[in-house]
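Understanding the architecture of this molecule
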Amino acid sequence: ADSGTTPLSVALNFAPAPSSEWTGMLVANQSGLYRDAGLDVQFSNLSGSADVVKSVGSGQVDVGFASADSFLVGVSQGLPLVAIANVVPRNYAGLITPAGSDIKTLADVGGKKVSSALASPEPILLQALDGGSTPDMVYVEPQSKCTVMQGGESDACTGLANYQVPLLERAGTDVDFISFDSAQNPIIGPVLFTRAEHVPEIRDQLTALLAATAEGYEKAYEDVDAAVAMFGAQYPDVDTSNGFLKEAIGITKPYLTRDDPSLAPGWGQMSPQLWSGLINILAGGGMLASTPQVDAVFTNDLLPSGAWSLAP
Amino acid sequence: MSASQTVPSPNGVAEPTAEPRAFVSCRRTGLVYQGADGGEVIALTDLDLDIAEGEFVSLVGPSGCGKTTLLKIMGDLLAPTAGSVEIDGFSPRQLRERQRIGQVFQSAELLPWKSIADNLVLLAKLSGKTVPREQTEAMAETLGLQDFLHRYPHELSGGMQQRAAIGRALLLDPALLLMDEPFGALDEITREKLNMELQRIWSEHRKTVVFVTHSLSEAAFLSDRVVVLSGRPGRLVADVRIDAPRLRTTEYRFSSEMAEVVARLHGALTGEGEAS
Amino acid sequence: MSASQTVPSPNGVAEPTAEPRAFVSCRRTGLVYQGADGGEVIALTDLDLDIAEGEFVSLVGPSGCGKTTLLKIMGDLLAPTAGSVEIDGFSPRQLRERQRIGQVFQSAELLPWKSIADNLVLLAKLSGKTVPREQTEAMAETLGLQDFLHRYPHELSGGMQQRAAIGRALLLDPALLLMDEPFGALDEITREKLNMELQRIWSEHRKTVVFVTHSLSEAAFLSDRVVVLSGRPGRLVADVRIDAPRLRTTEYRFSSEMAEVVARLHGALTGEGEAS
Amino acid sequence: MWVSVLVIVSLFVLWELVVRVAHVPQFILPAPTDVFAQVYIKRDALLRNLQPTLVATGEGFGVGVVVGVGLAMLIAGVPLLKAVVYPVVIATQTTPKIALAPLFTLWFGIGLLPKVIIVALLVFFPVFINTAAGLESVSKGRLDLMKSVNASRWAVYRHIRLPEAVPYLFAGLRLALTVAFIGVIVGEWIASGRGLGYLLVLYNSTQDTAALFAVIFVFVFLATVSFYLLGWLENRLSWQVRIQRSQQS
Amino acid sequence: MWVSVLVIVSLFVLWELVVRVAHVPQFILPAPTDVFAQVYIKRDALLRNLQPTLVATGEGFGVGVVVGVGLAMLIAGVPLLKAVVYPVVIATQTTPKIALAPLFTLWFGIGLLPKVIIVALLVFFPVFINTAAGLESVSKGRLDLMKSVNASRWAVYRHIRLPEAVPYLFAGLRLALTVAFIGVIVGEWIASGRGLGYLLVLYNSTQDTAALFAVIFVFVFLATVSFYLLGWLENRLSWQVRIQRSQQS
Ligand SMILES: Nc1ncnc2c1ncn2[C@@H]1O[C@H](COP(=O)(O)OP(=O)(O)OP(=O)(O)O)[C@@H](O)[C@H]1O
Ligand SMILES: Nc1ncnc2c1ncn2[C@@H]1O[C@H](COP(=O)(O)OP(=O)(O)OP(=O)(O)O)[C@@H](O)[C@H]1O
Ligand SMILES: Cc1ncc(C[n+]2csc(CCO)c2C)c(N)n1
Ligand SMILES: [Mg+2]
Ligand SMILES: [Mg+2]
């Protein structure tokens, strides 16, 4: 670490690849925002949200960035975690169908074959949401969710707006996307979290991290080309020349805001309604070992006040 | 079987059969082993040897002189590096491919995963012969192995294993029988008994036998001719014809006639002998 | 070495040494092999045998009568299933653990991954002896293997392999030498030569030797006593003392004196003999 | 046998002690008692998911062994065929199957087939390599014996090479058995709504480490039993073991 | 050698033809020419990620071989130790590493260590099983020879059991080599920002199938080269091969 900077480790969910929603953090890192805030941030890439949750829970890393559902599963198992920022207020997940499919809404999936990842929250979301119905699920490993649909073994797949959708389009398969997140059923996106005991212990570093991260996201969306370049500098093996990353970052942008400011009034802000919505759905789907207390799950105390927020 | 001399050669051209030809004929046969490290061992040089059909010929000579090597050449397990060998108008390979050669090896080479009975019939079976159970049992009786037919090789003594190997080759009933020290691991009594048996079997079928032995008296007792090889590299130093009438008896074994033959062979071996 | 008879027994209690005791003594020794399928083979029964220190004793008997078995019991490679064996006041195990037994097996058991030179010195080395290179070379010379020291076993003929195995045991220079048909695979000339060598080595060191052979003349030439075993199960049927003076010569080998001994042994083997 | 049991029991006791004394959190390492409790609690799920896993493992193992032995017999003693087959075989092995997972679903669908294929693909290799080594370990003397009666290639296999290869084959089968169980997990991970592999993914995603270990315990138990079954089979079939045993007596 | 090359080339040609003629879309199966083009295009990334993979594979292989041979020597001829060691060893093998992957990062961190551990864990098993089988395949006669001079356990290993086990050992090393390469991929899959395994994950995620195959090609090439290197080593070291070769002449 440089003199005058404090090391802080951050675990990212690297399953299966560097994700476009990290862009703000990478920009903050590459453009020196973290260093200016007195932090020496070290990223580690773990293979799955569950890994990120456990390594934060075990104290191996200070801060994790993973999907809210994995975070909740960890908390329900007794891991002493607390969410400190909702980086992406909206959830990218949804139902993907071949363009022109007769599945137009979640209500149309009844009896259809839907391919999804084994034991992921997506099938639960699909069935628990208003208008959701019970499809004939086809379970595969995460990377195969939509190749199964491409191969004709399913009528639809679950996937991410910023990942499977552009991938399928690139492979020449035109698709439609039906988001799980909606005004009626807001579903929280990936969050930053830490061990509860860290909140008093390293409060200053955490506060500095969130402030710099917020700035990083702002910067990223001011100059997407520069952001892509910084992404490429951090992950030299990622092919930034083919435009995929830029496209994915573009898709990410609308998900960084909430239509309803009462749910996400500023960058990273969380509301009890957002958390209890997801807790209820997951508990109903049998994914939680216990039902976490909504108030204990998150804190907005470390967030930069009056922070930047993208206009919807 | 003697008609086989007029059989056309394998490439279809009829061979001249005017002058009677040897059954086995080695012409300037030689073999050099190529060692792994490039070193050579000259095992056999310039050997000329004719064996008539139905003849019983023994090979004697000092340890390492090339007896096994010569037998392996005749049996097409080794190719000579010089000269040629012809058997009944065929090359050793052709004769072997016609399954007309039987061999007893210096080490018994029984298959440890087969019972003695199965070991006995294996080669015959593979040669397309069916061996009736009684024949196997009779052979075992002859060899003193009747109580061990259902046992496995590792349960037999060294001599018993060698006897089984002999029985295996005899059940083949081949045109040319190559035997490499078959009775080396046997006590004299058993040996004498099997000598008699071999003589009896041979007299009945009159197959050509090439027999390697270290026992000069065994050679003298069994053979029509004894070929003496010199030490490494193997060269023919004596060729002794034994005209004693068949079937030879135990009396012959202890006769002064045979003692004289043995003495002659002994002389040839120690270098005092002359070629016959 | 004869002082060893007064050595305390391994459990610390001094043994009575009043009456001179045999070096090797077998008392009602018997061995039954348990076949894999439950069948038993009685290899040896009720054998009583005493061998004095420094004595050269040959075992002869029909193939499969238990000679190898007896040797293995003395060498502690098999435990008798009845009776006992004591050697120099020790059990065979204790003697073996003191590395005082040397053995030549019926099959040469050379290690294919070691050169002849390495094979020759291996056992001696493992017994903690250092064998100077000259000694190995001299031994190879004696055995006629001097040109093959740097070759591997598969490059040797059967007889040459057996000679190497003999050399290996001789380099051990043990108190008790057990030899199982060591010269079986050798021609008579080489055999006679090695007989002489063995006699010379034995006369110099006067180690106790138990020697299995199928050659009655070899037994008669080499031994102080020849023990004749009957066919399966092995039982002692004759014990012939040979008093001819040492060193015995080639003349002795062809003498009527020895011929008579051989005839007696022959008689004992065929069942016409009597115990001495 | 009782020694093995003793060892296992004492390892469990040690493990339990370490976890209890050091207060290791369950999500890092659950105590054996917690795991066994989970085996009991989840017994219905475990039983339900046992059968599909066993079927896929069994079928894949069978196919793999047949292909492995067959291919080894094909190339034994024929350097040309060996040169042809080896590079292809190595390629099938070193190609990382996890990387091909999405393609597997495209190529072979999502039913039993991809699981059987993966298991067979993993199984055939140790069987092939070991059988090939065994078939080539024949002594010159025995080959000469066969050659002397001009025995056919097949006869040489049947009477010499195959029996000679038996101890190698069994070593290969031991290895094959363990990779078969690994293979079926990979297969069920790629695509499946049932099987023990599916349960593993499920309990992994719910971060229920004790339940995850419960599945692993069942799994290891199964594999161990099959492993000892194989040993028993070898003791009954192998001529080498028979000889060794009779010589010890 | 040239036969192998010929076979590989013709397989590539066949593959190319099938893809071109049947118009197979690239995401199902890319043509070899496309793959080779990707090898060239991605050469920087491939080179950059080669070294970490080789280091982890090499270290894991080394550790695994030493442990495997050592453990096999420990148990050879000692039934008691065998009974102790076997169940534990089987458990390490049949435990599905993918299921434990998340725990691996908790137990061993995210650096080189977990990769080396996984590779070693996979490597040691075939080495162990084969060496153990080889060490036990000694003939009674040779053991008697050693026993006759009361040779120490170590001397029996050194002069009899180890040389006897050499052909088995090499068969084990062949298997170990391929699982080493699988192991490093699994390891890099679990947690890594570099290595060929990381590249696989990366290209897999972007469904860049041609690039994915490019990594696989490099990978298979590496493994094949090491495989032949091993064969060369065996030809130089094995007494059995030496004898077989000299008997062919
Ligand atoms: N491992 C074994 N299992 C069962 N039976 C055996 C075993 N070894 C030897 N035998 C039997 O014990 C008897 C004696 O065998 P042994 O090897 O001692 O004979 P031998 O006198 O040395 O014979 P040879 O002169 O042929 O070497 C034989 O009948 C043999 O069948
Ligand atoms: N595979 C081999 N490689 C190299 N040299 C060999 C090989 N086989 C035999 N020799 C050598 O060839 C010579 C003749 O061997 P051969 O086995 O023919 O002798 P032999 O007359 O049968 O001897 P013995 O009576 O001892 O069996 C020996 O000097 C031996 O060293
Ligand atoms: C280029 C790109 N690749 C993969 C993903 C998918 N992804 C990787 S990690 C993660 C969870 C959040 O950290 C998600 C969804 C993406 N979004 N963009
Ligand atoms: Mg010979
Ligand atoms: Mg014997």
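Quantities reported herein were computed from a predicted structural model and do not represent experimental measurements.

Conventions adopted
Residues numbered from 1 in each chain as written. Chains lettered and ligands numbered in written order. Predicted model: local features only at pLDDT ≥ 70, side-chain atom pairs only at ≥ 80, totals over all residues. Heavy atoms only, no water. Helix = DSSP H or I, 4+ residues; strand = E, 2+ residues; numbered from the N terminus. Buried < 20%, exposed > 50% of the residue type's maximum accessible area, 1.4 Å probe, protein only. Near = heavy atom within 4 Å. Polar contact = N/O pair within 3.5 Å; in protein donor to acceptor, adjacent residues only side chain to side chain. Nonpolar A, V, L, I, M, F, W, Y, C, P; charged D, E, K, R; others polar. Least-squares fit on C-alpha atoms with pLDDT ≥ 70 in both. Contact = heavy atoms within 4.5 Å. Donors = N, O, S within 2.8 Å, 3.2 Å for Na, K, Ca; no water. UniProt positions renumbered as here; feature names shortened; annotations may be inferred. Expected span 1.5 Å × (residues − 1). Disulfide = S-S within 2.5 Å. Buried area = accessible area lost by both parts, 1.4 Å probe. Salt bridge = Lys/Arg side-chain N within 4 Å of Asp/Glu carboxyl O. Pairing = 2+ DSSP bridges. Axes fitted to C-alpha atoms, helices over the stretch in contact; angles between N-to-C directions. Core = buried A, V, L, I, M, F, W, Y, C linked by side-chain atoms within 4.5 Å. Areas by Shrake-Rupley, 256 points an atom, 1.4 Å probe, with all protein chains shown as cover.

Attention now goes to the overall build of chain D. In terms of helices and strands, chain D carries 11 helices and 0 strands. In chain D, the order of α-helices and β-strands from amino to carboxyl end is α-α-α-α-α-α-α-α-α-α-α. C-alpha extents for chain D along the principal axes are approximately 70 × 55 × 30 Å. Across the 249 residues that make up chain D, the buried fraction comes to 61%.

Taken together, 22 residues form the shell around ligand 1, and within it Ser157 and Gly159 of chain B together with Gly64, Thr68 and Thr69 of chain C come nearest. More than one chain approaches ligand 1, the contributing ones being chains B and C. One of the side-chain nitrogen or oxygen atoms of Ser157 of chain B is found 2.6 Å away from an oxygen atom of ligand 1. Gly64 of chain C is positioned such that a nitrogen or oxygen atom in its backbone is 2.7 Å from an oxygen atom of ligand 1. At the level of secondary structure, the elements contributing two or more residues to the shell around ligand 1 comprise helix H5 (158–170) of chain B together with strand S2 (40–51) and helix H1 (67–74) of chain C. Considering only residue class, the shell around ligand 1 consists of 7 nonpolar, 11 polar and 4 charged.

Bringing the relation of the copies chain D and chain E into the picture now. Laying chain D over chain E is done by rotating through 180 degrees and shifting 0.1 Å along the axis; what remains is an RMSD of 0.2 Å. Classification of the inter-copy transformation places it as that of a two-fold axis. The C-alpha atom lying nearest the rotation axis in chain D is that of Tyr168 of chain D; the distance is 3.8 Å. Comparing interface residues between copies, 100% of those in chain D also lie at the interface in chain E; the contact surface is shared.

We now examine the coordination of the magnesium ion (ligand 4). Ideal donor angles around a metal are set by the shape: a four-donor tetrahedron calls for 109.5 degrees, a six-donor octahedron for 90 or 180 degrees. Residue and element names in this part refer to chain B. Each protein donor to the magnesium ion (ligand 4) is listed here as Thr68 (OG1) and Gln106 (OE1); together their distances run 1.8 to 2.2 Å. A residue pair is termed long-range when its members are at least 10 positions apart, and Thr68 in helix H1 (residues 67–74) and Gln106 in the loop between strand S5 (101–104) and helix H3 (116–126) qualify at 38 residues. Judged by its relative accessible area of 22%, Thr68 falls in the partly exposed class. Residue classification places Gln106 among the partly exposed residues on the basis of a relative accessible area of 24%.

We now examine the UniProt feature "transmembrane region" (unreviewed entry) in chain D. Summarizing the sequence annotation, UniProt attributes the feature "transmembrane region" (unreviewed entry) to residues 61–81, 88–110, 116–138, 168–190 and 210–233 of chain D in the numbering used throughout. Annotation note: span residues 210–233 of chain D, helix share 100%, strand share 0%, distance between end C-alpha atoms 34 Å.

With 15 residues, helix H9 (residues 256–270) of chain B extends 21 Å between its outermost C-alpha atoms, agreeing within 8% with the 21 Å of an ideal straight helix rising 1.5 Å per residue. If you check which residues of H9 of chain B are buried, you get Met258, Val261, Val262, Leu265, His266, Gly267, Ala268 and Leu269 of chain B. Those residues of H9 of chain B that are buried are in contact with helix H7 (216–222), strand S8 (225–229), strand S9 (236–241) and helix H8 (250–253) of chain B together with helix H6 (188–205) of chain C. With its phi angle positive at about 95 degrees, Gly271 of chain B sits one or two positions after the end of H9 of chain B.

Residue and element names in this part refer to chain A. Summed over the entire model, instances satisfying the criterion amount to 1 disulfide over all chains. Disulfide pairing is shown between Cys146 and Cys157; the S-S distance is 2.0 Å. Looking along the S-S bond of the Cys146-Cys157 disulfide, the torsion reads about 90 degrees, which is the right-handed sense. Taken together, the positions of Cys146 in helix H6 (residues 145–150) and Cys157 in strand S8 (residues 156–160) put the pair 11 residues apart, joining distant regions of the chain.

A word on the interface of chain D and chain E. Of the residues lining the interface, 61 residues belong to chain D; the matching set on chain E comes to 62 residues. Summed over both sides, the interface between chain D and chain E buries roughly 5100 Å², with carbon and sulfur atoms accounting for 78% of that surface. Summed over the shared surface of chain D and chain E, the result is 0 salt bridges. Counting every contact that joins chain D to chain E gives 5 residue pairs in polar contact (both at pLDDT 80 or more). Secondary-structure elements contributing two or more residues to the side of chain D that touches chain E are helix H1 (2–22), helix H4 (79–94), helix H5 (101–108), helix H6 (112–135), helix H8 (153–190), helix H9 (196–205), helix H10 (209–237) and helix H11 (239–248) of chain D. Of the residues that constitute the side of chain D that touches chain E, the class distribution is 45 nonpolar, 13 polar and 3 charged.

Let's shift gears to the sheet that holds strand S1 (residues 24–34) of chain C. Residue and element names in this part refer to chain C. In spatial order, the strands read S2-S1-S4; together these 3 strands make up an open sheet with antiparallel pairing. Taken across any chain shown, the strands that pair with only one partner, and hence form the sheet edges, are S2 and strand S4 (82–87). For this sheet, the mean inter-axis angle between neighbouring strands, taken without regard to orientation, is 25 degrees. Pairing analysis gives 8 bridges linking S1 to S2, with the strands arranged antiparallel. Bridging from a neighbouring strand, Cys26 pairs with Leu49 of S2.

Of all hydrophobic cores here, the largest spans 281 residues; its most connected members are Phe71, Leu95, Phe193 and Trp275 of chain A. At 19 residues, H8 of chain D tops the list of elements feeding residues into this core.

The next point concerns the sheet that holds S8 of chain B. Residues and elements named next belong to chain B. Across the sheet, 6 strands lie side by side as S5-S6-S7-S3-S8-S9; this open sheet has mixed pairing. Two strands close off the open sheet at either side, each with one partner strand: S5 and S9. On average, each strand axis in the sheet is tilted by 15 degrees relative to the strand beside it, whichever way the strands run. Of the pairings in the sheet, the one linking strand S3 (residues 56–60) to strand S7 (residues 208–212) comprises 4 bridges and is parallel in character. When the bridges of S7 are listed, Ser58 appears paired with Phe211.

This paragraph deals with the site of ligand 2. Among the 22 residues in the neighbourhood of ligand 2, the closest are listed as Gly64, Thr68 and Thr69 of chain B together with Ser157 and Gly159 of chain C. Among the chains of the assembly, those with residues near ligand 2 are chains B and C. For ligand 2, an oxygen atom lies 2.8 Å from a polar atom in the side chain of Ser63 of chain B. Between an oxygen atom of ligand 2 and a side-chain N or O atom of Ser157 of chain C, the distance comes to 2.6 Å. When the free accessible area of ligand 2 is taken as 640 Å², the share hidden by the protein chains comes to 95%. Those elements giving two or more residues to the shell around ligand 2 turn out to be strand S2 (40–51) and H1 of chain B together with helix H5 (158–170) of chain C. Of the residues assigned to the shell around ligand 2, the class counts are 7 nonpolar, 11 polar and 4 charged.

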